[in-house]
Amino acid sequence: MQRLFDEHVLRPAKSLDGLWDLSVQGEALAGKTVKAMVPGVWERIPALCSFRGVADYNRTVELSEDTSVLLRFGGVSHTARVFWDGAFVGQHYNAFTGFEVLIPSAKKGSHRLHVEVDDRYSDESVLHMPNDYMTYGGINRPVEMHLLGNAYITKAHFTSTFDGAWHASVKVSVAALAACAAQSVQVSLAGKVVSAQLTPMHQGETADITLRLDYDLGEITPWQVLSATLYDLLVTLTCDAGPIDDLIDRVGFRTVTLSGEELRINGESVFIKGFNRHEDHGQFGCALDPGAMMDDIQLMLDLGANSVRTSHYPNDPRFLDLCDELGILVWEENHARAIPPERMHHENFMPQCLACIDEMVAQHMNHPSIYIWGILNECESETPFGRGVYAQQFARLRSLDVSRPVTFASCRHFTDISLDLPDVVSFNIYPRWYVDEPVDSYAGRLLAWMDENGAGGKPVIFSEFGAGGIMGFHDMRRAKWSEERQADILAEQLDVLSNHPRVAGLYIWQFSDVRVSDEWFASRPKTQNNKGIVDMYRRPKLAYEVVKNAYHKK
Ligand code: ADA
């Protein structure tokens, strides 16, 4: 299942997770076909633990009747080409967003589903490149097959507003696979039901309709930080004779507003105590199962956190479901980490970023936990060209969703010319680690420079800070890379930043150690980014108690 609840009761949907046949192009498996778990990464298969290339995933799919089929892929890393009975039916780039492939008029019987998965680094792939995290290979998120009738609901976007009472707006999108004469859409939410007629649709047509629901104050319990209330949103599509499709989501009523340097949820100021988290685990690679995701959340809650930043890409919706349920605030960002200037000039750069933004917002818009969208971590925000890129991507985000603020994590300290563009200013800083300067002095200089350059007056988040600590390396002189030194540095950073009157939020770099691309070996002992508070297997380092004390005290 791609979510932690049933998305359909009426529409027949079947999981295609489980064992698939896997072969790879090249010598790694000596021409053999092996079994591979979906979802999963092929690095878990010993012969493929360091394979980078093209692999073929195959399985059969049974249909008990003639029908239209919608294949839903939660994520394939990083490029997928999909074939149905040998015919090419669709493709997708980017490991971290889902995609769908429609097979209209499939015939009853047995069919072969083949997904060619490519995780090679090349010019074609601007966003997946050798980096300070690992691009794994495989079908890394769940796969489902849905059976469709003459028309189906493609999405339902929920937004809530508050003006003394709560209001919900639900934008429903519908597509027709065959002509449907009389059609209506019904929305049921928090004890109220509304419906609207659609004009008759012809084959291939799509339609959008927005329905509104109003509530009295006492009828809604808002979604609060660490105290979530969720409601089932049920959309039903009726065509000709009766209901033919449905869509269920879980939503929360809450507002996100900014007031001067404050971030507010439901009108109340909130201080963000967060972690940067990669989807990575020593055992599972980027394909963590929900139990492992929940383990991470338990640890973050134990550490006193109330927020997570999905550095540096959209996350698995099941992780977002858990955050929704537990009231954890999420900074979600599009996929881009420190893309070098020459790659930002590549013709694929902007289309790949915009596709990721479009898919991220379309797929994750309803998660109440997401309180802010981020883009382009540590990219070229100090040049006129880079500023134009940020402006274009912020404009795209704002055209898709006006209910959340936007930000980006900058490392172009003292040179950035794009800080007027976001609603929230965010800096990644590493005083005492990369920069040998006391934390209060560095943070103070940076904020003063920001004010002098006209970017003050907005909330400020320190979106990254931390230090390297190699698990098990202890040292009496507290050398860099020792657990002792990591704990010392975090203690100073947390002491200064969490008590700074101008800071609205913090994200420690990082929750756990992560594997990095082999190309990063020279600056990354064990080819890992060792700045985790826990290691790749979630064993705590000395810094764990330091963070726990600081976050619980705040
Ligand atoms: C940057 C970057 C992170 C990570 C970090 C580090 O700030 O955003 O992805 O690479 O530095 O560990 O140096």
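In short, a report on the structure. (Residues numbered from 1 in each chain as written. Predicted model: local features only at pLDDT ≥ 70, side-chain atom pairs only at ≥ 80, totals over all residues. Heavy atoms only, no water.)

In this section: the overall build of the protein chain. If you tally the helices and strands in the protein chain, you get eight helices and 32 strands. Expected size for 554 residues packed as a compact globule is a radius of gyration near 24 Å; at 24 Å, the protein chain falls within 12% of this value. C-alpha atoms of the protein chain, sized along the principal axes, occupy 75 × 65 × 45 Å. The buried share of the protein chain, reckoned over its 554 residues, is 59%. Contacts in the protein chain between residues at least 24 apart in sequence constitute 71% of all its contacts with a sequence separation of at least 6. Taking the average location of the 51 positive side-chain charges in the protein chain and that of its 73 negative ones, the two points are 3 Å from each other. (Helix = DSSP H or I, 4+ residues; strand = E, 2+ residues; numbered from the N terminus. Rg over C-alpha atoms; globule rule 2.2 N^0.38 Å. Buried < 20%, exposed > 50% of the residue type's maximum accessible area, 1.4 Å probe, protein only. Contact = heavy atoms within 4.5 Å. Lys, Arg positive; Asp, Glu negative; His and termini not counted. Charge placed at Lys NZ, Arg CZ, Asp CG, Glu CD.)

Inspection of the region around the ligand gives 13 residues, with D132, E378, Y434, E464 and K531 positioned closest. Side-chain polar atom of R337 to an oxygen atom of the ligand: 2.8 Å apart, as the coordinates give it. In this structure, E378 approaches the ligand through a side-chain N or O atom, which is 2.5 Å from an oxygen atom. In isolation the ligand has 310 Å² of accessible area, and contact with the protein removes 96% of it. In terms of residue class, the shell around the ligand is made up of three nonpolar, four polar and six charged. (Near = heavy atom within 4 Å. Polar contact = N/O pair within 3.5 Å; in protein donor to acceptor, adjacent residues only side chain to side chain. Areas by Shrake-Rupley, 256 points an atom, 1.4 Å probe, with all protein chains shown as cover. Nonpolar A, V, L, I, M, F, W, Y, C, P; charged D, E, K, R; others polar.)

Taken together, six strands build an open sheet; the order of strands is β3-β2-β4-β10-β7-β8 and the sheet is antiparallel. Where the open sheet ends on each side, the last strands, each with one partner, are β3 (34–38) and β8 (87–93). Going from strand to strand, the sheet's axes swing by 30° on average, the running direction of each strand aside. By the bridge criterion, 10 bridges tie strand β4 (residues 54–63) to strand β10 (residues 109–118) in an arrangement that is antiparallel. Residue pairing for β10: V54 is matched across the bridge by D118. (Pairing = 2+ DSSP bridges. Axes fitted to C-alpha atoms, helices over the stretch in contact; angles between N-to-C directions.)

Most of strand β26 (residues 370–374) is tucked away, with five of its five residues classed as buried. Summarising the sheet, strand β25 (residues 329–333) and β26 pair through four bridges and their orientation is parallel. Note on β26: the bridge partner recorded for E332 is W373. As paired elements, β26 and strand β27 (residues 406–410) share two bridges and run parallel to each other. By the bridge assignment for β27, G374 is matched with T407. For the segment spanning β26, helix α5 (residues 384–400) and β27, crossover handedness is right-handed. (Right-handed = clockwise from strand over helix to strand, strands pointing away.)

On to the side chain of D118. You can see D118 is positioned in strand β10. One polar contact links D118 to R120, side chain to side chain, over a distance of 2.8 Å. Setting aside its immediate chain neighbours within four residues, D118 contacts G53, V54, S77, H78 and T79.

Residue placement: R3 occurs in the segment before β1 (13–15). Side-chain polar atoms of R3 contact the side chain of D249, separated by 3.2 Å. With sequence-adjacent residues up to four places away left out, R3 is seen in contact with D249, P317, R318, D321 and H367.

Judged by pairing direction, the sheet is antiparallel, and its four strands sit side by side in the order β1-β12-β5-β9 without closing on themselves. Looking at the sheet topology across the chains shown, the edges are occupied by β1 and β9 (99–106). Neighbour-to-neighbour, the strand axes of this sheet turn through a mean angle of 20°, independent of strand direction.

What follows deals with the packing of helix α6 (residues 439–452) against helix α7 (residues 483–498). Look at α6 against α7: their axes get within 9 Å of each other, and the N-to-C directions meet at 45°. The angle between α6 and α7 places the two elements in the oblique class. Both α6 and α7 take part in a crossing whose hand is right-handed. Listed contacts from α7 to V439, D440 and A443 of α6 are E492, Q493, V496 and L497. Here the residues of the contact of α6 with α7 are counted per class, giving four nonpolar, one polar and two charged. (Parallel < 35°, antiparallel > 145°, perpendicular 65-115°, else oblique. Left-handed = near helix turned anticlockwise from the far one by under 90°.)

Moving on, we come to α5. Spanning 17 residues, α5 covers 25 Å between terminal C-alpha atoms, matching the ideal 24 Å at 1.5 Å per step. Along α5, the residues that are buried comprise G386, V389, Y390, Q393, F394 and L397. End-on view of α5: buried residues confined to an arc of 125°, all on one side of the axis. Residues P384 and S399 are exposed on α5 and point more than 90 degrees away from its buried face. Lining the buried residues of α5 we find α3 (341–344), α4 (349–364), β26 and β27. (Expected span 1.5 Å × (residues − 1). Arc of directions from axis to C-beta.)

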